[in-house]
Amino acid sequence: MTRVAAPLLLCLALAPLARGQVDGSTWTDPTLEEAVRDADLIVLAECAAVGRAGGASYKVTKTFKGPARDGREVAVVGLDLPGAAPGERVVAVGDRAYLLLRGTPTGAVLSVPTPTFGRFPVQASGQVVASFSDTFVRVGLAAARWERLLAALVAGAADEALLAEARAALRQKEPDATEAYVALEVLALFGQEADGAAVEAVLDHAAFAEPHRFRVRIAAAQALGRLGGASGVERLLGLVERDPLEVVQSAAAEALWPALERLFEEDDRGARRACERLAALTIDGRATPIRFGSANDPRENERRGPLAAALRTLGALRARAGIPPALRALERVDDPAALVAGLLFFQELGDPEQAGAIAYRMREPDAKDHYFNPLFSRALEKLTGQRLGDERAPWVRWSRERALLPQGPDAPLGPTPGERPGGARR
């Protein structure tokens, strides 16, 4: 143990949890873009000593973000996985890694965002074990390329060398799957709308249509969403409609949000038609989240089901085309994911005129999923400012009094409990 490392390891034992450190047995990993943005200090460093409780002391070799710490040591906490055996450590003295750290940038103790994201080891070959938008995908990158990527993310500006490499990788007649994946991630971060054609070509390639290459198609969908353009919107709708895997359908539905947001500025009518198509394609879709990790994986990262992803996009765009699928989602029995997706859509839409349709779909007292009603009432409170409790009848009555529901015995919604036909109160 070095003379400098000893007091730092003492700090590890005494320091409170640094900002961002996980305090629990599960967590959600950020994306690389999020982690760089939120990091207070980003460095290349070598492990000088390993302490207890998931801590280690690192000697900084190079600083990429924050005050220069080159040649100095910093204690890093939050490295070990919960439940690790006594003495089991994920790092050892001599290990080199790029660290994305949170805390006071000049402080003695900082933390990684989670135990599974924020430390990117340098292998003996010199390659960096890198990850982009998907914590479950790790790829090897040359250190120089990784450093250019970090620098570009810190600066918030495109790196022309990175873009050139990405474009060249996608021009290959038989592109390597890993290189294509990295290129798509880079283009999603820094590309231009003109790069959309190369991204679409990846989706046309037979090799990437195979089921086990679904992560390449997800990366392509994310890139098209960021790059925008009417052609990209059309391809994303095609993935929602025709891709055999729900996870790709979901990624495409979510990627339509930024793509359509830009399209609305250029072609309002075309964007509205796209929203209508998205709503029609997903109205009967599954809302249950899609999980990747094993049962004991501490990472809770997941993707929304296709319906939930589509409603999120339509809600964010305040697209009224989402009203029919959202209402149908509220009618599903014992499907909390669909119910939450529908209610969140209406909260995003922010239209109090929909209160009656929502209230009507609350459960009767004898319904087996009557326990959903508090979710309805919280959403209605936010939409209307009223506090009428968790039962259906008061909300339906309130809506009728304001002509938010059809009146009369022949109306589609029928009379409110406690009312005579025609809507008259007893």
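In the block above lies the structure referred to throughout.
Just so you know, these numbers come straight off a predicted model, no measurement behind them.

## Some points on the pattern of salt bridges
In step 1: Overall, the coordinates contain 34 salt bridges when judged by the stated rule.
In step 2: A salt bridge links Arg145 to Glu165; its shortest N-O distance comes to 3.2 Å. Residue Arg145 is found in helix α3 (residues 143–155), and its partner Glu165 is found in helix α4 (residues 160–171); the two are separated by 20 residues along the sequence.
In step 3: Among the residues examined, Arg145 registers a relative accessible area of 12% and is labelled buried.
In step 4: Owing to a relative accessible area of 31%, Glu165 belongs among the partly exposed residues under this scheme.
In step 5: A salt bridge links Arg303 to Glu254; the nearest nitrogen and oxygen atoms lie 4.0 Å apart. Note that Arg303 is positioned in strand β10 (residues 302–303) and Glu254 in helix α9 (residues 246–266), a separation of 49 residues in sequence.

## Examining helix α11 (residues 306–316)
In step 1: Buried residues dominate α11, accounting for 10 of its 11 residues.
In step 2: Considered for burial, the residues of α11 that qualify are Pro306, Leu307, Ala308, Ala309, Ala310, Leu311, Thr313, Leu314, Gly315 and Ala316.
In step 3: Along its buried surface, α11 packs onto α9, α10 (268–282), α12 (323–331) and α13 (336–349).
In step 4: Arg318 occupies a position one or two residues after α11 and carries a positive phi of about 50 degrees.

## Looking at the sheet that holds strand β1 (residues 41–50)
In step 1: Strand order across the open sheet formed by six strands is β5-β3-β2-β1-β4-β6, with mixed pairing between neighbours. Both edges of this open sheet fall to β5 (109–111) and β6 (119–121), since each of them pairs with a single strand only. Direction aside, neighbouring strands of the sheet carry axes that sit 40 degrees apart on average.
In step 2: Pairing geometry for strand β4 (residues 96–101) and β6, over three bridges, is antiparallel. Residue pairing in the sheet places Leu99 in a bridge with Arg119 of β6.

## What to know about the packing of α9 against α10
In step 1: Put simply, α9 and α10 touch, their axes get as near as 7 Å, and they point 155 degrees apart. One finds that α9 runs roughly antiparallel with respect to α10. For the pair α9 and α10, the crossing hand works out as left-handed. Here α9 contributes Ala253, Leu256, Leu260, Leu263, Phe264 and Glu266 to the contact with α10, which in turn contributes Asp268, Gly270, Ala271, Arg272, Ala274, Cys275 and Leu278.
In step 2: Here the contact of α9 with α10 is built from residues that sort into nine nonpolar, one polar and three charged.

Cut-offs used in this document
- Every chain is numbered independently, its residues counted from 1 as its sequence is written.
- For this predicted model, a pLDDT threshold of at least 70 governs which residues receive local features, and a threshold of 80 or more governs which side-chain atom pairs are given and counted, while totals over whole chains, interfaces and linings are taken from all residues.
- Calculated side-chain values reflect all of the structure's heavy atoms, with hydrogen atoms and water omitted.
- Within this document, salt bridges are pairs made up of a side-chain nitrogen of Lys or Arg and a carboxyl oxygen of Asp or Glu, the two lying within 4 Å of each other.
- In this text, helices come from DSSP runs of H or I with a minimum length of four residues, and strands from runs of E with a minimum of two, each type numbered from the N-terminal end.
- The buried label goes to any residue with under 20% of its type's maximum accessible area, the exposed label to any with over 50%, and the partly exposed label to all in between, with areas taken from a 1.4 Å probe on protein chains only.
- Two residues qualify as a contact provided that any one of their heavy atoms is within 4.5 Å of a heavy atom in the partner residue.
- Pairs of strands are assigned from DSSP output, requiring at least two bridges between the strands.
- Convention adopted: a line fitted to C-alpha atoms gives each axis, helices being fitted over their contacting stretch, and angles between N-to-C directions are expressed from 0 to 180 degrees.
- Any angle from 65 to 115 degrees is called roughly perpendicular, while one under 35 is roughly parallel, one over 145 is roughly antiparallel, and all others are oblique.
- Whether a crossing is left-handed or right-handed is set by the direction in which the near helix is turned from the far one by less than a right angle, anticlockwise for left-handed and clockwise for right-handed.
- In this count, Pro and Cys sit with the nonpolar residues alongside Ala, Val, Leu, Ile, Met, Phe, Trp and Tyr, while Asp, Glu, Lys and Arg are called charged and the others, Gly among them, polar.

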